[in-house]
Structures are given as structure tokens and as C-alpha cells.
Amino acid sequence: MGLELYLDLLSQPCRSIYIFARSNNIPFEFKHVELFKDSVLGKRPAAGSGADQPRAGPSNSEGAGKVNLLKKVPALKDGDFTLAECTAILLYLSRKYNTPDHWYPSDIQKRARVDEYLSWHHANIRANAPKTMWIKVLIPLFTGQPLPSEKLQEVMEGLSTSLKQFEERFLQDKAFIIGSEISLADLVAIVELMQPVGVGCDIFEDRPRLMEWRRRVEDAVGKELFFQAHEMILNIKELSNIQIDPQLKEQLAPVLMKMLK
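As the structure is a computational prediction, the values presented were derived from the model and not from experiment. (Residues numbered from 1 in each chain as written. Predicted model: local features only at pLDDT ≥ 70, side-chain atom pairs only at ≥ 80, totals over all residues. Heavy atoms only, no water.)

In this structure, asparagine 25 is a non-glycine residue whose phi angle is positive, near 55°. A positive phi angle, close to 50°, is found at glutamine 172, a residue other than glycine. You can see glutamine 172 is positioned in the loop between α8 (149–171) and α9 (184–198). Of the residues examined, glutamine 172 reaches a relative accessible area of 37% and is grouped as partly exposed. (Helix = DSSP H or I, 4+ residues; strand = E, 2+ residues; numbered from the N terminus. Buried < 20%, exposed > 50% of the residue type's maximum accessible area, 1.4 Å probe, protein only.)

The next point concerns the packing of aromatic side chains. Following the criterion strictly, the structure yields 10 aromatic pairs and no others. On the numbers, 5.1 Å between centres and 65° between planes, the contact of phenylalanine 166 with tryptophan 213 is edge-to-face. On the criterion of sequence distance, the pair formed by phenylalanine 166 in helix α8 and tryptophan 213 in helix α10 (residues 208–221) is long-range, its members being 47 residues apart. For the pair formed by phenylalanine 166 and tryptophan 213, the shared burial category is buried. Measuring from ring centre to ring centre gives 5.2 Å for phenylalanine 226 and phenylalanine 227, while their planes differ by 80°; the resulting arrangement is edge-to-face. (Phe/Tyr/Trp six-rings, centres within 6.5 Å; stacked < 30°, edge-to-face > 60°.)

Further remarks concern the nonpolar core. The nonpolar side chains of a soluble globular protein tend to be buried, and buried together. Tyr117, Phe166, Ile190, Phe204 and Trp213 are the most contacted members of the largest nonpolar core, which totals 74 residues. Looking at this core, the element that brings in the most residues is α9, giving 10 residues. If you count residues domain by domain, this core takes at least three from each of domain 1 (3–43 + 59–99) and domain 2 (104–260). Those residues in contact with phenylalanine 166 that lie beyond four places of it in its chain are Tyr117, Trp120, Leu171, Ile177, Ala189, Leu210 and Trp213. (Core = buried A, V, L, I, M, F, W, Y, C linked by side-chain atoms within 4.5 Å. Domains from an automatic or database assignment. Contact = heavy atoms within 4.5 Å.)

The next thing to look at is the packing of helix α5 (residues 108–121) against α9. The N-to-C vectors of α5 and α9 enclose an angle of 25°; their axes lie 8 Å apart at closest approach. When the axis of α5 is compared with that of α9, the two are roughly parallel. Seen from above, α5 lies across α9 with left-handed handedness. On the side of α5, the interface is formed by Val114, Tyr117, Leu118 and His121, while α9 contributes Leu184, Ala185, Val188, Ala189 and Glu192. Of the residues that constitute the contact of α5 with α9, the class distribution is 7 nonpolar, 1 polar and 1 charged. (Axes fitted to C-alpha atoms, helices over the stretch in contact; angles between N-to-C directions. Parallel < 35°, antiparallel > 145°, perpendicular 65-115°, else oblique. Left-handed = near helix turned anticlockwise from the far one by under 90°. Nonpolar A, V, L, I, M, F, W, Y, C, P; charged D, E, K, R; others polar.)

Next comes the structure, spelled out in C-alpha cells:
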């Protein structure tokens, strides 16, 4: 049995693993899991097929639940071995497939810089960037009501603070976070920062240093792969066509309404 990756490319961590595996020519079977169809929102209209559409084909949510007991993606299955959590999967792949050293350097100090960013990321960039999608797309989809503009403004202010820290503390005047080559830190960061872009919040505008870094990351992994992986998030407004299960909507709408206050 070969390597299986259970992914939904609407998920930022899933995109980082997908891009990493593809850019390093790691052979794997793509097990597409539609979170918004099978476990969170309801039923998405059937997608078309095509070689460049990794979302095509039947969903594998049941299989993902067996691989990851937390019933979340990403999830990895390598023979009898299973693994959850984005960072753990990225490190496993980098070690097993002996990917180029720049991804997770053998130099102890450079590796520490990658670890430092990955530790900082969750309480800062990841704590703010995904909220833009909930505010602009998902909560209105469930509740039928837009969130007050000040709620988005509050999130964007928090994200702006994180971006300032990202540029000044991690990026500085370097091409990438740890120097002249891309690392796992850059990959984890960029997929998160594309989430606001997908809902119309162009955080790269008026931030030339951040924009140049984004372009270098795109070039490093390949622009075609980069935009293929982000196709779904860049067309996130299509979620308005999702048919939400009425019972699920009734259960979750009151919870989401609290977020309006």
C-alpha cells in the first residue's frame, strides 16, 4: 500500500501538505475529503472532473475518519501507519523522502528558526487570517445575515498587527523566513495568508515587502501548482450555492449568531 493523503484544499494546512508533496515529487494517492459537504455545512453541488482538478471524484470523509480518530484533515496513511496534524505530516514527509535540506534545514540554528515561526504562527497569523472567511462567507451563509462591518475591521486590525510582526521579526530584509531559500515556515505562512485574499481582503496590497515575498514563494513552488492548490479558496464565493442541511443549519445558526454580537 502506498502513501495516502486525506485533504480538502479549502483547508490551509491541507494546501501546505499538497503543495509540499507535489513540489517534491512525492508519490501519493490524493484522498479528497469535502469538509463542507460531509461534515460541516451540507451538500455541495457535484464538481466536474479533470486531471487538474484534485477535488474531483467521490469524497473520502469516512476513510479520513478512520485514519484520523479526531475526524479532521489533513491525515496521512502510509501502509499501516497513520498520522494527523499538519506540522507532523510535513516533517514526516520531509524525513522519509529526504527532501532538499532548505525545507527543514539540518543546520541547528536554521532549523530552530523554522520551529520558532511554526510555534508563533498558530497564535498570530492563524488566529486571525481564517476569521475573514467566517465573517465574509460562512456565517452569512448559515444565518442569512451579514456581520457588522466593525467585526471584520476588528479582525483585520489584529491581522495587520500580526503581519507587521511577521515582516519585522521573521522576514526582515531576507528573501525567505530563514534566508535565501524557501522553508516549511514560508509554506505554512503563505497558505494561511491566501485565506483573506480569497474573500476579497487583499492583505498584500500596500505591503510591497510582503508582496515580493509572496511572489518568491510562488516561484519557488511553481506558479501553476500554487494557483492550482488555491483554486478553490480563490473561488470561495461558490459556497453560496451549497445546500445546507436544514437540521444542521438550525443547530449551528444560534451558535454562529453569538459571533454577530
